[in-house]
Amino acid sequence: MKIAVCLKQVPDTEAEIKWDIPKGTLSRDGMDSITNPFDEFALEEALLTKENYDGEIVAISMGPEGAADVLRNALALTVDEVALCTDDAFAGSDTYSTAYVLAAAIKKAGDVDVVFTGKQSTDGNSGVVAAELAAVLGFAPLTYVSKVRSIDAAGKKIVVERAIEGGTEVIEAKLPAVVSVIKGINEPRLPNLMGIRKASKIEIPKWSAGDLGVDAGKVGAAGASTKVVEIAVPPPRGAGEILKGEIEEIANTITDKLIDLKVIK
Amino acid sequence: MANDVWVYIEHKDGVITPMSFELLGIGKQLADGFGSSVCAFVIGDKVDDLAKEAGAFGATKVYAVEGEVFKGFRGEAYAKAAAFLLEKYKPEIALFRATSMGTDVAAAAAAQLGFGLCTDTIGLAVDGGKVKMTRAAFGGNYSVSVVNEKAAPQIATVRPKAFAMGEKDASKSAEVVKESFALADADLATKVVEFIKSATAVNLVEADIIVSGGRGLGSDAGFAMLQELADLLGGAVGASRAAVDSEWIPYEHQVGQTGKTVKPKIYIACGISGAIQHLAGMRTSDCIVAINKDPDAPIFKAASFGIVGDYKEIVPKMIEKFKSKLSR
């Protein structure tokens, strides 16, 4: 079975985010970067799938050259192949362009049965690339997956559980499929020292727009359907009121105030 | 018609999902800005009742695709039908709710057609003949507004509760336009085998009241107390990442950057320090009550009402007062 996993480099969730307001892009100078936390679950699910069913894993990332770090981390966890989709033309890609480039990379990797992605990224937060990727590739869309029940590569079948509003949906789908996973589907492992040392020596293959055969007019800022017209800092919440006094008195005041909002039915 | 504003009607088990009509209210405002009409579109196995309801909430026209294959929600099938309608009629913008159902349909339809997609929108306005869409970025520390540069339609998903629900007027009705769109089971790669209803039915995104707990609860036992308060108020229980990572409560309750984004009318945060990752998921709540032992906890900066103290003493007192004041 051929397994692909998409990994995105994002600013450290602890980092202070700065926008380059005139340019409308993220100012990445001096900011620590990490693998998107949701993608760590996708990578672990790919590793578990390989262990349970046999197969090989190709890890794909799209981003600036520095995004090679997330692939090096994946190599340390013993994925078989990696590829970094990087090209100046990709800068400023929207979700559709991102799905379009990743789809080209998955096609180039060849004969992929299942693609794992995280549910969303912690920087863009859109949570739609997996569904767009499935649509572009014509693969079965399986989003918000909380458990992979079984994969039958020979029979081209996968059964998963999806965590959606109000409960869990069990879906049977034809392979190939795109599976986006939620937090908690597994416990991501950490690379060991030997793996890290070995990975540090491997050269990361880079795929440009030309290598992928993508239409340069459909990617990056040129391909984006929307233009940023305004970046603003929302007004801070007004200073609140600290309730003081004995517990009895505080409980009395706060319950009155909440009842006065006329929200409690 | 060109310039029309379309609203996707989300439904499950033959019933429109709660609050699904909040988009018709804002859709009407946008349509007024364009001098066009707000229309609904609905996909399902039986759509007549849904279309009637959409008319009562202000849709002037309802476009519908009906068929046996649409019995029970299937993102893949619904997206194909939505793409068919959007491509045929090319409205100015199509609005979906940013729920799991709405997002899946919007994303797949947008990708199939190559249309632009703006997700989790919190602001919509007509500006210079275009729809200006605003979304929160980086935990609500910034808001970013975008406009569509390419040909219409634009597709947007809208954060639940970002806009007020429209008024219902049962005397109003919409013209229903049924389109036939042939789709067979064999054309689809996915099949729903079963749906297992959650015993606790957590629906944080739709909840008007959320009682949430963090590391300061100290143990899973604290959540039983919060559940009692939430039940009393008809609300849901939320949690910070620290509480979920401690395995005191399942992930489906998590609010914040790696959990759900919520906008309830009342958010009661107990033993939550208020890290930016948590604030990212709840800072737009209408009224925030913070209960924390540490007077310097950052949550107090976001709170409408702050209580410095031990939740173990304060929450039971609140339960007692609510019970007597609400006669429960």
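Conventions we followed
Residues numbered from 1 in each chain as written. Chains lettered and ligands numbered in written order. Predicted model: local features only at pLDDT ≥ 70, side-chain atom pairs only at ≥ 80, totals over all residues. Heavy atoms only, no water. Contact = heavy atoms within 4.5 Å. Buried area = accessible area lost by both parts, 1.4 Å probe. Salt bridge = Lys/Arg side-chain N within 4 Å of Asp/Glu carboxyl O. Core = buried A, V, L, I, M, F, W, Y, C linked by side-chain atoms within 4.5 Å. Buried < 20%, exposed > 50% of the residue type's maximum accessible area, 1.4 Å probe, protein only. Pairing = 2+ DSSP bridges. Helix = DSSP H or I, 4+ residues; strand = E, 2+ residues; numbered from the N terminus. Domains from an automatic or database assignment. Polar contact = N/O pair within 3.5 Å; in protein donor to acceptor, adjacent residues only side chain to side chain. Nonpolar A, V, L, I, M, F, W, Y, C, P; charged D, E, K, R; others polar. Expected span 1.5 Å × (residues − 1). Right-handed = clockwise from strand over helix to strand, strands pointing away. Phe/Tyr/Trp six-rings, centres within 6.5 Å; stacked < 30°, edge-to-face > 60°. Lys NZ or Arg CZ within 6 Å of the ring centre and 35° of its normal.

**Section: the interface of chain A and chain B**
Okay, so step 1: The interface is formed by 78 residues belonging to chain A together with 86 residues belonging to chain B.
Okay, so step 2: Of the roughly 6,900 Å² buried between chain A and chain B, counting both surfaces, carbon and sulfur atoms make up 60%.
Okay, so step 3: For chain A, the biggest contributors to the area lost against chain B are Glu-165, Lys-183 and Arg-237 of chain A; these three give 11% of the whole.
Okay, so step 4: Here chain A and chain B share eight salt bridges between them.
Okay, so step 5: Here Lys-321 of chain B makes a salt bridge to Glu-248 of chain A, at a shortest N to O gap of 2.5 Å.

**Points about the nonpolar core**
Okay, so step 1: Leu-258 of chain A together with Ile-268, Ile-291 and Met-318 of chain B are the most contacted members of the largest nonpolar core, which has 41 residues in total.
Okay, so step 2: Ala-46, Ile-57, Ala-59 and Ala-68 of chain A belong to the second-largest nonpolar core, a separate cluster that totals 40 residues.

**Here we look at the pairing of strand β9 (residues 140-152) of chain A**
All names here are of chain A.
Okay, so step 1: Across four bridges, β9 lies against strand β12 (residues 177-181) in parallel orientation. Residue pairing for β12: Pro-141 is matched across the bridge by Val-178.
Okay, so step 2: Here β9 pairs with strand β10 (residues 157-164) via six bridges, running antiparallel. Bridged to Ser-150 within β10 is Val-159.
Okay, so step 3: The antiparallel hairpin formed by β9 and β10 contains four residues in its connecting segment, where Lys-156 sits at a positive phi of about 55°.

**Looking at the domain arrangement of chain B**
Residues and elements named next belong to chain B.
Okay, so step 1: With domains assigned, chain B is organised as domain 1 (5-187) and domain 2 (209-325).
Okay, so step 2: Domain 1 and domain 2 are separated by 33 Å when their C-alpha centres are compared.
Okay, so step 3: On the domain 2 side, the residues contacting the six residues of domain 1 number five residues.
Okay, so step 4: Across the domain 1 to domain 2 interface the summed buried area is about 580 Å²; carbon plus sulfur atoms make up 50%.
Okay, so step 5: Across the contact surface, domain 1 and domain 2 share zero salt bridges.
Okay, so step 6: Summed over the shared surface of domain 1 and domain 2, the result is zero residue pairs in polar contact (both at pLDDT 80 or more).
Okay, so step 7: For the side of domain 1 that touches domain 2, the class distribution of residues is one nonpolar, three polar and two charged.

**Observations regarding helix α1 (residues 37-53) of chain A**
Okay, so step 1: Over its 17 residues, α1 of chain A extends 25 Å from the first C-alpha to the last, a length consistent with the 24 Å expected when each residue adds 1.5 Å.
Okay, so step 2: Just downstream of α1 of chain A, Asp-54 of chain A is the residue with a positive phi angle, here 75°.

**Re the pairing of strand β6 (residues 56-62) of chain A**
Residues and elements named next belong to chain A.
Okay, so step 1: Extensive coverage of β6 is indicated by the burial of six of its seven residues.
Okay, so step 2: Relative to strand β7 (residues 81-85), β6 runs parallel, the two being bridged by five bridges. Bridge pairing in β7 links Ile-60 to Ala-83.
Okay, so step 3: As a crossover connection, the stretch from β6 through helix α2 (residues 68-76) into β7 is right-handed.

**Description of unusual backbone geometry**
Okay, so step 1: Cis peptide bonds are those with omega within 30 degrees of zero, and the linkage from Leu-175 of chain A to Pro-176 of chain A qualifies with 0°.
Okay, so step 2: Tracing the backbone shows Pro-176 of chain A in the loop between β11 (167-174) and β12.
Okay, so step 3: At Ser-327 of chain B, a position not held by glycine, the phi torsion is positive, near 50°.
Okay, so step 4: Structurally, Ser-327 of chain B is set in the segment after α9 (311-325).
Okay, so step 5: Judged by its relative accessible area of 66%, Ser-327 of chain B is exposed.

**Observations regarding the packing of aromatic side chains**
Okay, so step 1: Evaluated as defined, the whole model comprises 12 aromatic pairs over all chains.
Okay, so step 2: Judged by centre distance (5.7 Å) and plane angle (85°), the ring pair of Phe-70 of chain B and Tyr-78 of chain B falls under edge-to-face.
Okay, so step 3: With relative accessibility at 1%, the residue Tyr-78 of chain B sits in the buried group.
Okay, so step 4: Three or more aromatic residues link up through ring pairs in this structure, and these residues are Trp-6, Tyr-8, Phe-41, Tyr-63, Tyr-89 and Phe-96 of chain B.
Okay, so step 5: One cation-aromatic arrangement involves Lys-218 of chain A over Tyr-100 of chain A; the distance from NZ or CZ to the ring centre is 4.6 Å.
Okay, so step 6: Cation over ring: Lys-12 of chain B sits above Phe-195 of chain B, and NZ or CZ is 3.7 Å from the ring centre.

**Some details on the side chain of Ser-143 of chain B**
Okay, so step 1: Positionally, Ser-143 of chain B belongs in strand β9 (residues 142-148).
Okay, so step 2: Ser-143 of chain B has contacts with Glu-230, Ile-231, Ala-232 and Pro-234 of chain A together with Thr-134, Arg-135 and Ala-136 of chain B, leaving out every residue within four places of it along the chain.

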